[in-house]
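Spelled out, the chains give:
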Amino acid sequence: QLQLVESGGGLVQAGGSLRLSCAASGHASGTFAMGWFRQVPGKGREFVAAISSSGGRTDYADSVKGRFAISRDNAKNTMFLQMNNLRPEDTAVYYCTAGPAIGYVQDHWGQGTQVTVSL
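This report concerns the structure included in the present document. (Residues numbered from 1 in each chain as written. Predicted model: local features only at pLDDT ≥ 70, side-chain atom pairs only at ≥ 80, totals over all residues. Heavy atoms only, no water.)

Some words on the pattern of salt bridges
Link 1 in the chain: In total, this model carries four salt bridges according to the counting rule given.
Link 2 in the chain: Among the salt bridges present, the one from Arg 38 reaches Glu 46, with a minimum N-O distance of 2.9 Å.
Link 3 in the chain: Taking relative accessible area as the criterion, Arg 38 reaches 7% and is therefore assigned buried.
Link 4 in the chain: Across the salt bridge formed by Lys 65 and Asp 62, the nearest N and O atoms sit 3.1 Å from each other. (Salt bridge = Lys/Arg side-chain N within 4 Å of Asp/Glu carboxyl O. Buried < 20%, exposed > 50% of the residue type's maximum accessible area, 1.4 Å probe, protein only.)

What follows is the structure, encoded as structure tokens:
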């Protein structure tokens with residue numbers, strides 16, 4: 001079974017940067033698409049970004065375009081989310097996900113990692 005473990009969350013000031021990592025195991029590297037979602041209390045999980053199995057295609061929510069970058073290193077079976085110019089509204093629990101294609105990355109979920117952006 002595919003397992004996903006996020007890391008890299010924390011507290012950062014507005015305008016700062018964080019890099020989230022997601023380590024995958026239990027499935028051959030490079031054979032599944034991956035993504036990031038986030039959630040705040042009282043709201044549903046919001047799509048952030050996704051990346052194809054090869055890393056050749058990416059997709060971003062409008063709210064993070066130009067600030068966040070998704071990437072993956074299939075040699076290490078790891079995905080990353082580089083978050084720059086962070087805003088307080090980026091505060092959320094961020095979840096790593098995976099699925100069969102870039103448009104379907106909600107089959108598997110990690111445990112989540114908290115990102116808090118302060119003023």
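Section: the state of the cysteines
What makes a disulfide is a covalent bond joining the sulfur atoms belonging to two cysteines.
Link 1 in the chain: Throughout the structure, instances matching the rule amount to one disulfide.
Link 2 in the chain: Covalently, Cys 22 is tied to Cys 96 through a disulfide, its sulfur atoms 1.9 Å apart. Taking the torsion about the S-S bond as the criterion, the Cys 22 to Cys 96 disulfide, at about -75°, is left-handed. Linking Cys 22 in strand E3 (residues 18-25) with Cys 96 in strand E9 (residues 92-99), this pair joins segments that are 74 residues apart in sequence. (Disulfide = S-S within 2.5 Å. Helix = DSSP H or I, 4+ residues; strand = E, 2+ residues; numbered from the N terminus.)

Some thoughts on the environment of Thr 78
Link 1 in the chain: When you line up the elements, Thr 78 lands in strand E8 (residues 78-83).
Link 2 in the chain: Taking C-alpha positions, Thr 78 is 12 Å from Phe 32, a pair spaced 46 residues apart along the chain.
Link 3 in the chain: In contact with Thr 78, other than residues within four places in its own chain, are Ser 21, Cys 22, Ala 23, Arg 72 and Asp 73.
Link 4 in the chain: A distance of 2.9 Å separates the side chain of Thr 78 from the backbone oxygen of Lys 76, its partner in a polar contact. (Contact = heavy atoms within 4.5 Å. Polar contact = N/O pair within 3.5 Å; in protein donor to acceptor, adjacent residues only side chain to side chain.)

Description of the nonpolar core
Link 1 in the chain: One finds Met 34, Trp 36, Leu 81, Met 83 and Tyr 94 to be the most contacted residues of the largest nonpolar core, which totals 28 residues.
Link 2 in the chain: Mapped by element, the contributors of at least two residues to this core are E3, strand E4 (33-39), strand E5 (46-51), strand E7 (68-73), E8, E9 and strand E11 (113-118).
Link 3 in the chain: Apart from the residues within four sequence positions on either side, Met 34 is in contact with Leu 4, Cys 22, Ala 24, Ala 50, Ile 51, Ile 70, Arg 72, Met 79, Cys 96, Thr 97, Ala 98 and Val 105. (Core = buried A, V, L, I, M, F, W, Y, C linked by side-chain atoms within 4.5 Å.)

What to know about unusual backbone geometry
Link 1 in the chain: Its identity as a non-glycine residue notwithstanding, Asn 77 has a phi of 55°, on the positive side.
Link 2 in the chain: Position of Asn 77 relative to the elements: it lies in the loop between E7 and E8.
Link 3 in the chain: Positive phi is not limited to glycine here, since Asn 85 has a value of about 50°.
Link 4 in the chain: Using a relative accessible area of 46% as the deciding quantity, one classes Asn 85 as partly exposed.

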